[in-house]
Amino acid sequence: MDRVSSFDEPLKKLLGGATAKVMAEHLDLHTVGDLLHHYPRRYEERGKLTALADLPLDEHVTVVAQVADARILMFNNGRGKRLEVTLTDGSGRLQLVFFGHGVHKPHKELLPGRQAMFAGKVSVFNRKMQLAHPTYQLLDASDADEATEAVDAFAGRLLPIYPACKQLDSWRIAKAVDAVLPSARDAVDPLPASLREGRGFTPLPEALLKVHRPQTKADVEDARARLKWDEAFVLQVALARRRYADTQLPAVARRPVADGLLDAFDAKLPFTLTEGQEKVSKEIFDDLATEHPMHRLLQGEVGSGKTMVALRAMLTVVDAGGQAAMLAPTEVLAQQHHRSITEMMGELAEGGMLGGSDRGTKVVLLTGSMGMAARRQALLDLVTGEAGIVIGTHALIEDKVQFHDLGLVVVDEQHRFGVEQRDALRSKGKQPPHLLVMTATPIPRTVAMTVFGDLETSVLDQLPAGRSPIASHVVPAKDKPHFLSRAWERVREEVENGHQAYVVCPRIGDDAEEAEGKGGKKTKAKKQAADEDPEKRPPLAVLEIADELRKGALAGLSVEVLHGRMHPDDKDDVMRRFAAGDVDVLVATTVIEVGVNVPNATAMVIMDADRFGVSQLHQLRGRVGRGSAPGLCLLVSEAHEASPARARLSAVAATLDGFELSRIDLEQRREGDVLGQAQSGVRSSLRMLTVIDDEEVIAAAREEAVAVVAADPELERLPELRTVLAALLDKDREEYLDKG
């Protein structure tokens, strides 16, 4: 059997059809290699063999002893069960305790007189030493040699506990691993020898043996360090090759032109750019001036002025004879961008029109819901080159849309936009256009290096002058209902002071939504369950809350709604009236999450705030405090004070630092699947590496990967690395990284 094929061997050949089928269907393990890379998630510790007279407190031990007595005791008015077992070994006595469902099996097996081995951590209860829920194995007292062998195999071991499923528990997976472990010696080592030796890593076959069958804790540490490096390094090589391939693509260099559109725009700006905006603009202009496509991620706190930076890049491209397209995730946001960009540009956005500037260009909007005549005109302006800038939703990437000369694509809020769409838009250029991806969701550095590893990163971390601080508070509506009444009073006060407010709800609401496809009985039953347990009630809804506020706490104020099911013209009308100050309170879903800019809105109340993620709450909060008056964000929740949901809200209320919050968010969710479902719909390759904790490993691996790819882009001198890379980047992942 050659070195590669033993890892490619189907599991059913070695384990039998039934086990292999469960592994494939429930754990996504198909080959020997898959199973060898299915690492234990933790290890159960068995202490060394100890006599009952010598038990050390708070340490893991193994004891061999005889059951002297076993009895079941009831507690909690008969609702709870406890099994107490007394052991003796001639040197002393020890109590074991088992609770709940865990009492049945030991009660049947640990009968007085039986001899067994027990492993657990020694604790004290009622001044007596005990082992709670120990692992045990019965011994055959009639065969002394077999008993001694069994004790040797049992005591002092680290027992691997594998990620398992209902159909296949950890010990059966451990048995399957035993069957394939000899193949570990055939592992193809992806690390170049110089790197492996330079960093003193354990050879890969040894690391696989140590991770599955460690003798000591040091074995586990050794193995983990090596396997983490492999994951980080192979992934970073894939990304470095992607970046290298991009530098080989041709693109039209777009250099700034003196006295052009950009200079005219800068001259009419009523403020100066922040230092951060200047620095990031320079990075972007340098990229645009090269003959290879720019691939840059622009991260910036909510309100840090990313749109301004993107607009100046678009104007540079128009100056250089090209066109720029800005892609937004929703129609509301596309309309908002179109409105704010045409306002910022003034007569410069009216090129070719009466009263427009002779240095101007045309800025067009293209969305799915536009009327036929307006759509036809927009398409014509794009194909003739009359429109230098187009702003739109995914309607921009339909086949019908043709550009005269697409030079730059700006994607707003990448995490709401699939890589396929980004790729489709890129293919609209005669040559690949430059690409700028913007996000207001701060991304920890390691995630940026991993998920967006094929993009260079720029960060805008100062807020423009004139921005105000935002005070955030948690409102415990269930424990302290008067706090919620006070929240509505605060909204009223803001309105009386000439400001406006948002109220955000997780759901749109209305009976049609609730009853759609369901029987009325079911809905009634749900309502009853919700009344009994608020955790089970559906999230609060825009239509219901708006109605309650109009009749109650905010009666007499102008309260309007905004949500995704409204007709686009109605949405636009509400947003215009809110921006103009004609609406006091806007009750909305998260359609206002990104890009909505109303400087006069100073207060935001988020209902059922615990039903939103940390980053989303931070995004929503960024809609207030955009003018000179301070902002206020109230996070209303019925979650219990000690719950993780409340802890999350307290974290959001405690800091305005988006990068700090994105770390908290990631630690709570774990990245789970950094390159998996969240990004591309395929399974992650990260089994050992945790993106949030292994920053140093990822940064070092990236450095090494860049050096390796620069010296040997095709990896011709590293066939093992090429083999492992090919296995990692199955077709789906390869396509995903291509589109990155």
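Please read these numbers as outputs of a predicted model, since none were measured by experiment. (Residues numbered from 1 in each chain as written. Predicted model: local features only at pLDDT ≥ 70, side-chain atom pairs only at ≥ 80, totals over all residues. Heavy atoms only, no water.)

Caption draft 1: Broad picture of the packing of aromatic side chains. This structure, assessed with the given rule, holds 6 aromatic pairs. Pairing Phe 201 with Trp 229 gives two aromatic rings, centres 5.5 Å apart and planes at 50°, and the pair type is tilted. With a gap of 28 residues between them, Phe 201 in the loop between α8 (193–198) and α9 (204–212) and Trp 229 in helix α10 (residues 217–248) connect regions that are remote in the sequence. With a centroid separation of 5.1 Å and 55° between ring planes, the pair formed by Tyr 502 and Phe 578 is classed as tilted. Remark: Phe 578 occurs in helix α22 (residues 568–579) and Tyr 502 occurs in strand β17 (residues 500–504); sequence separation between them is 76 residues. With respect to burial, Tyr 502 and Phe 578 carry one shared label: buried. Clustering of aromatic rings is evident, with ring pairs tying together Phe 98, Phe 118 and Tyr 136. (Phe/Tyr/Trp six-rings, centres within 6.5 Å; stacked < 30°, edge-to-face > 60°. Helix = DSSP H or I, 4+ residues; strand = E, 2+ residues; numbered from the N terminus. Buried < 20%, exposed > 50% of the residue type's maximum accessible area, 1.4 Å probe, protein only.)

Caption draft 2: View of unusual backbone geometry. For Asp 28, which is not glycine, the phi torsion reads 60° and is therefore positive. Note that Asp 28 resides in the loop between α3 (17–27) and α4 (32–36). Notably, Leu 715 is not glycine yet its phi reads approximately 55°, a positive angle. Among the residues examined, Leu 715 registers a relative accessible area of 0% and is labelled buried.

Caption draft 3: Examining a negative patch on the surface more closely. On the surface, a cluster of negative charge is made up of Asp 140, Asp 145, Glu 146, Glu 149 and Asp 152. Residue placement: Glu 149 occurs in helix α6 (residues 144–154). (Patch = residues over 30% accessible without salt bridge, like charges linked within 9 Å, V, L, I, M, F, W, Y side chains within 5 Å. Areas by Shrake-Rupley, 256 points an atom, 1.4 Å probe, with all protein chains shown as cover. Salt bridge = Lys/Arg side-chain N within 4 Å of Asp/Glu carboxyl O. Lys, Arg positive; Asp, Glu negative; His and termini not counted. Charge placed at Lys NZ, Arg CZ, Asp CG, Glu CD.)

Caption draft 4: Quick peek at the sheet that holds β17. Reading across the sheet, the 6 strands line up as β16-β21-β20-β17-β19-β18 and stay open at both edges, with parallel pairing between neighbours. Each having just a single partner strand, β16 (470–476) and β18 (559–562) make up the two edges of the open sheet. Direction aside, the axes of adjacent strands within the sheet are offset by 20° on average. As paired elements, β18 and strand β19 (residues 585–588) share 4 bridges and run parallel to each other. Looking at β19, one finds that Val 561 is bridged to Val 587. Contacts from α22 reach β17, β18, β19 and β20 (601–606), with the element oriented near 135° to β18. Here helix α23 (residues 614–621) sits on the sheet and contacts β16, β17, β20 and β21 (631–637); the angle it forms with β20, its principal contact strand, is near 150°. (Pairing = 2+ DSSP bridges. Axes fitted to C-alpha atoms, helices over the stretch in contact; angles between N-to-C directions. Contact = heavy atoms within 4.5 Å.)

Caption draft 5: Focus on the environment of Val 652. Tracing the backbone shows Val 652 in helix α24 (residues 644–654). Residue classification places Val 652 among the buried positions, given a relative accessible area of 1%. Beyond its immediate stretch of four places on either side in the chain, Val 652 contacts Val 614, Leu 617, Arg 621, Leu 635 and Leu 661.

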